[in-house]
Amino acid sequence: MVKCGASCVLGSDLGTSATKSIVLDSRGHIRGWARQEYETSRPRPGWAEQHPHDWFNAFCNTARLAIRQAAVNPEEIHAVCISGITHNAVLLDENDDVIRAAILYTDVRSQTQSDALLHEWGAEILNRTCNLLSPVWTWPQLRWIKENEPKVWRRVHHVLFPKDYVRHQITPSFLTDTIDPVGTCLYDPHRNQWIDMFCADLELSPGAWPKPTEPWSVVGTISKQTAKYIGLAPNTPVVAGTTDTAAEVFGTGALRPGQTTIKLATVGRLSTVIEDPILDPPLINYPHVNAGLWYSGTSTKFGASAFTWLRNALWDEGEDRKYDFKLMDDVASTVPPGANGVIFHPYLDGEFAPYWDPHLRADFLGIGVHHDRSHLTRAVLEGVAFSIRDAFDHSMANELSVEEIRFIGGGASSTLWAQILADVLQRELLVPEGADAAFGAALMAGVVCGMFDNNPEAINDLIRIRARFSPDTNRGKLYDDLFGIYLSASKAMTDVSHQLHHFDTYHMK
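To keep things clear, this report deals only with the structure shown in the data block.

Each value, and the rule that gives it
- Residues numbered from 1 in each chain as written.
- Predicted model: local features only at pLDDT ≥ 70, side-chain atom pairs only at ≥ 80, totals over all residues.
- Heavy atoms only, no water.
- Axes fitted to C-alpha atoms, helices over the stretch in contact; angles between N-to-C directions.
- Helix = DSSP H or I, 4+ residues; strand = E, 2+ residues; numbered from the N terminus.
- Parallel < 35°, antiparallel > 145°, perpendicular 65-115°, else oblique.
- Contact = heavy atoms within 4.5 Å.
- Nonpolar A, V, L, I, M, F, W, Y, C, P; charged D, E, K, R; others polar.
- Buried < 20%, exposed > 50% of the residue type's maximum accessible area, 1.4 Å probe, protein only.
- Pairing = 2+ DSSP bridges.

## A closer look at the packing of helix α9 (residues 244-251) against helix α14 (residues 437-448)
Between α9 and α14, the least distance of the axes is 7 Å, while the angle of their chain directions is 75°. In terms of axis orientation, α9 runs roughly perpendicular to α14. For the pair α9 and α14, the contacting residues are Asp244, Ala247, Glu248, Phe250 and Gly251 in the first and Ala437, Phe439, Gly440, Ala441, Leu443, Met444 and Val447 in the second. Per-class residue counts for the contact of α9 with α14 are 8 nonpolar, 2 polar and 2 charged.

Here's what the structure looks like:
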């Protein structure tokens, strides 16, 4: 542990669509924050890539702006911690240069590679990694590059993960934490080591893989050049950090078994704290940042990103008339629950849980002449909530004990959406103030430098619940009926989705 009289810390999170940085003081108050978006390249249907340079630039810019907004001296920030999206690999050559854009976890191009690996290794993958392989995981993504871009693959000298790449730029080290590599399905989370026989499939040098260390480890200090550029003091300690989900589980105060976090951001993510992993293939298992705990859960592929898609597709009318999400919420609130019989399946690029089907397609069903975009807008809010319930119900069927739900992410800023989700799940939702992955990363930095105690009571004293949403029984019954129709329609449309996928793929050649 770093001993200091710290007054502030810096936490940053590299999200799927943007990076956020915050300056947190010793009372748990956010003194400054900044956010910067970046583009996702989609060169073909089902493909999704981002360039690591964009992550680093976004980190530097948001850190600098957050520090400036906080109006603190560089010496008052005594530790830095970065979290980030997982399942994605940054490939570096022998000169430490990025070789290609990183394939994102939403990319489905490696389905063939995933199927082949499952055929070859079967249950061994689940038993060793506590997870079942799919194109979400890094191993099939890397095998796709190896098979389809051999010239690129021959140049690979090091593999890092997003937050590790950014951290490497400010304090060079080929390290990762003990949680992030779980997202590769090449790593044993019980032994905290790479699985040699799995890694051998990719034919990289053993030295290509980052060395794991504890998320709480201080792995270096800020270089003079970086310190001057973003407004930190030279030699400020840098913490290893962890994945965005592990950081936000910690940052919401989910520190005991049964506490659950639902994040409605780019994806809809459900995470329940448990004592031991649950080896049911659709469930995803990761170690908690606190030793002796895990979190198990699942994800829907489109969360708040479905609402963003709707805005771009139906609401924006040129640069002079940009609609914001609050206006869309206001319009959707004029429509009764159930959207007068319109249903939306948010499978805009396949679906994660509980189907793990990359070929599903989104749809609006039940549209009549009396419907307009206000009904479609409410249907999107409800459709995402149904998708979360679909995943949630499957998790509950696997004996996950959910005692409390904390609701975070961009979707949690919508009062309407929070109430819809509470009614659909028939569960109370607690909305913490400012609790996200960047907040969790800052809390970790604060623990490492001695500013905070790492126990449930002390951490939860820093987390302020700004709102509670209790379910309405009558709306819950209505949503139960509509959810049944939602499930039936999803099953009936599966074959149609697959046909449309193959049609689209063929005509994109």
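Having put the structure on the table, let's press on.
## Focus on the pairing of strand β14 (residues 237-243)
Summarising burial for β14: 7 of the 7 residues are buried, a large majority. Where strand β5 (residues 77-84) lies against β14, 4 bridges are found, and the strand directions are parallel. The residue of β14 that forms the bridge with valine 80 is valine 238. Judged from the 3 bridges that link them, strand β13 (residues 218-221) and β14 form a sheet pairing that is antiparallel. Paired with threonine 221 across the bridge in β14 is proline 237.

## Let's talk about the sheet that holds β14
One open sheet accounts for 6 strands, arranged β3-β2-β1-β5-β14-β13; its pairing is mixed. Unpaired on one side and paired on the other, β3 (30-37) and β13 mark the two borders of the sheet. Here the average twist between neighbouring strands, direction ignored, is 20°. Helix α6 (residues 162-170) contacts β1 (8-14), β5, β13 and β14 of the sheet and is inclined by roughly 170° relative to β14.

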